[in-house]
Amino acid sequence: PAGAFSMGRDSGDEKPIHSVTLDAYYIDNYEVTNAAYKRCVDAGVCDPPKLSSSYTRDAYYGNPEFDEYPVIYVDWNMANAYCEWRGNRLPTEAEWEKAARGLDGRTYPWGDAFDGTKLNFCDKNCSFDWGDKSVDDGYADTSPVGSYESGKSPYGLYDMAGNVWEWVADWYDSSYYSNSPSSNPLGPSSGGYRVLRGGSWYNYVNSARASYRSRNGLASVSNLIGFRCSRSP
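A brief report on the enclosed structure follows. Computed from a predicted model, the values in this text were never measured in an experiment.

Brief notes about helix H3 (residues 93–101)
Then, in step 1: Within H3, nine of the nine residues are buried, leaving the element largely enclosed by the surrounding structure.
Then, in step 2: Within H3 the residues assigned to the buried category are Glu93, Ala94, Glu95, Trp96, Glu97, Lys98, Ala99, Ala100 and Arg101.
Then, in step 3: Tucked into the core, H3 has its buried residues touching strand E1 (3–7), strand E2 (18–22), strand E3 (26–27), strand E4 (165–171), strand E5 (194–197) and strand E8 (230–231).
Then, in step 4: A positive backbone phi angle near 75° is found at Gly102, which sits one or two residues after H3.

Here it is, written out as structure tokens:
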């Protein structure tokens, strides 16, 4: 729904906390899946992912076993093209954050206390040193979208923390919040990187925060990055 929310956090490139008012908008409940993206490829509009594997799986995209897992190895332009094919667009950074945290300024989509059972992040299944070995979220790689019912955001969105990073519409600027418009901000007019939100199966607790900002080059692809779409009414 339309209205204001508190965006940001008092540290790093997430500061200052500031009030943002948004018009009403729609946003996907789920990250775009392999099966959904393949329909655009089959229609001759979208390019297939740059690789068809994932971190632990040789056959991922195009394999029916992983149809309901998030599509990966898509760059920003590929994600944008898919959303436009659907008559949608990528969400703005502000839209993404409001959908993730709601109106009460919560730290994570489900509340203020971290809970490793509510998302797919780097846990005991993760082979990297920074994994939280006290938690078993069930996956060493991507998970089916919507797997964590208790991790939903206040608006009912799944995987706003963990699973895969998500492309949003905005260019990245570390100081943008200091002078961004208070109503329907669209991000800087240009830049060298696009914003990523939400963390992934590879990352640890810090990146799961709803206000956390990351970035990547426009043409970059990764087994950690997917997206979801948005649209105006």
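Considering the state of the cysteines
Then, in step 1: Scanning all chains against the criterion turns up three disulfides.
Then, in step 2: With a sulfur-sulfur separation of 2.0 Å, Cys40 is cross-linked through a disulfide to Cys46. Measuring the twist about the S-S bond at about 75°, one finds the Cys40-Cys46 disulfide to be right-handed.
Then, in step 3: With a relative accessible area of 6%, Cys46 lands in the buried category.
Then, in step 4: The disulfide that involves Cys83 links it to Cys229, with 2.1 Å between the sulfurs. The sign of the S-S torsion, about -85°, decides the handedness of the disulfide formed by Cys83 and Cys229: left-handed. Of the two residues, Cys83 is situated in helix H2 (residues 76–85) and Cys229 in the loop between strand E7 (225–227) and E8; the sequence distance between them amounts to 146 residues.
Then, in step 5: Note on Cys83: relative accessible area 0%, which makes it buried.

Section: the packing of aromatic side chains
Then, in step 1: With the rule as written, the count across this model stands at 20 aromatic pairs.
Then, in step 2: Look at Tyr82 and Phe227: their rings are 5.6 Å apart centre to centre, the planes differ by 70°, and that puts the pair in the edge-to-face class. Separated by 145 residues along the polypeptide, Tyr82 in helix H2 and Phe227 in strand E7 bring together distant segments of the chain.
Then, in step 3: With 5.1 Å between their ring centres and 75° between their planes, Trp130 and Tyr202 make a pair best called edge-to-face. Of this pair, Trp130 sits in the loop between H3 and E4 while Tyr202 sits in the loop between E5 and strand E6 (214–216), placing them 72 residues apart in sequence.
Then, in step 4: A cation over a ring is seen here: Arg213 above Tyr177, with NZ or CZ 4.5 Å from the ring centre.

As for helix H1 (residues 34–42)
Then, in step 1: Taken together, the buried positions of H1 are Asn34, Ala35, Ala36, Tyr37, Cys40 and Val41.
Then, in step 2: Taken from the residues just after H1, Gly44 is the one with a positive phi, measuring 80°.

Considering the sheet that holds E5
Then, in step 1: One open sheet holds the four strands; their spatial order is E6-E5-E4-E7, and the pairing between them is mixed. Unpaired on one side and paired on the other, E6 and E7 mark the two borders of the sheet. Geometrically, the sheet is characterised by an average inter-axis angle of 50° between neighbouring strands, direction not taken into account.
Then, in step 2: This element, H2, spans E4, E5 and E7 of the sheet and lies at about 90° to E4.

What about the packing of H1 against H2?
Then, in step 1: The N-to-C vectors of H1 and H2 enclose an angle of 80°; their axes lie 10 Å apart at closest approach. Here H1 lies roughly perpendicular to H2, going by the angle between them. Contact residues: Ala36, Tyr37, Arg39 and Cys40 in H1; Met78, Tyr82 and Trp85 in H2.
Then, in step 2: Grouping the constituent residues of the contact of H1 with H2 by class yields six nonpolar, no polar and one charged.

What to know about the pairing of E5
The side chains of a regular strand alternate, first on one face of the sheet and then on the other.
Then, in step 1: Where burial is concerned, the two faces of E5 agree: the one with Arg194 and Leu196 and the one with Val195 and Arg197 are both buried.
Then, in step 2: Bridge count between E5 and E6: three bridges; the pairing is antiparallel. Counted as the bridge partner of Leu196 is Ser214 from E6.

Remarks on the pattern of salt bridges
Then, in step 1: Per the stated rule, a full pass over the model turns up 13 salt bridges.
Then, in step 2: Where Arg101 meets Glu97, a salt bridge forms, and the shortest distance between an N and an O atom there is 2.7 Å. Placement of both Arg101 and Glu97 in helix H3 is noted, with a separation of four residues, approximately one turn of the helix.
Then, in step 3: The buried category is assigned to Arg101, whose relative accessible area is 5%.
Then, in step 4: Where Glu166 meets Arg228, a salt bridge forms, and the shortest distance between an N and an O atom there is 2.8 Å. With Glu166 in strand E4 and Arg228 in the loop between E7 and E8, the pair connects residues that are 62 residues apart, well separated along the chain.

Analysis parameters
- Residues numbered from 1 in each chain as written.
- Predicted model: local features only at pLDDT ≥ 70, side-chain atom pairs only at ≥ 80, totals over all residues.
- Heavy atoms only, no water.
- Buried < 20%, exposed > 50% of the residue type's maximum accessible area, 1.4 Å probe, protein only.
- Helix = DSSP H or I, 4+ residues; strand = E, 2+ residues; numbered from the N terminus.
- Contact = heavy atoms within 4.5 Å.
- Disulfide = S-S within 2.5 Å.
- Phe/Tyr/Trp six-rings, centres within 6.5 Å; stacked < 30°, edge-to-face > 60°.
- Lys NZ or Arg CZ within 6 Å of the ring centre and 35° of its normal.
- Pairing = 2+ DSSP bridges.
- Axes fitted to C-alpha atoms, helices over the stretch in contact; angles between N-to-C directions.
- Parallel < 35°, antiparallel > 145°, perpendicular 65-115°, else oblique.
- Nonpolar A, V, L, I, M, F, W, Y, C, P; charged D, E, K, R; others polar.
- Salt bridge = Lys/Arg side-chain N within 4 Å of Asp/Glu carboxyl O.

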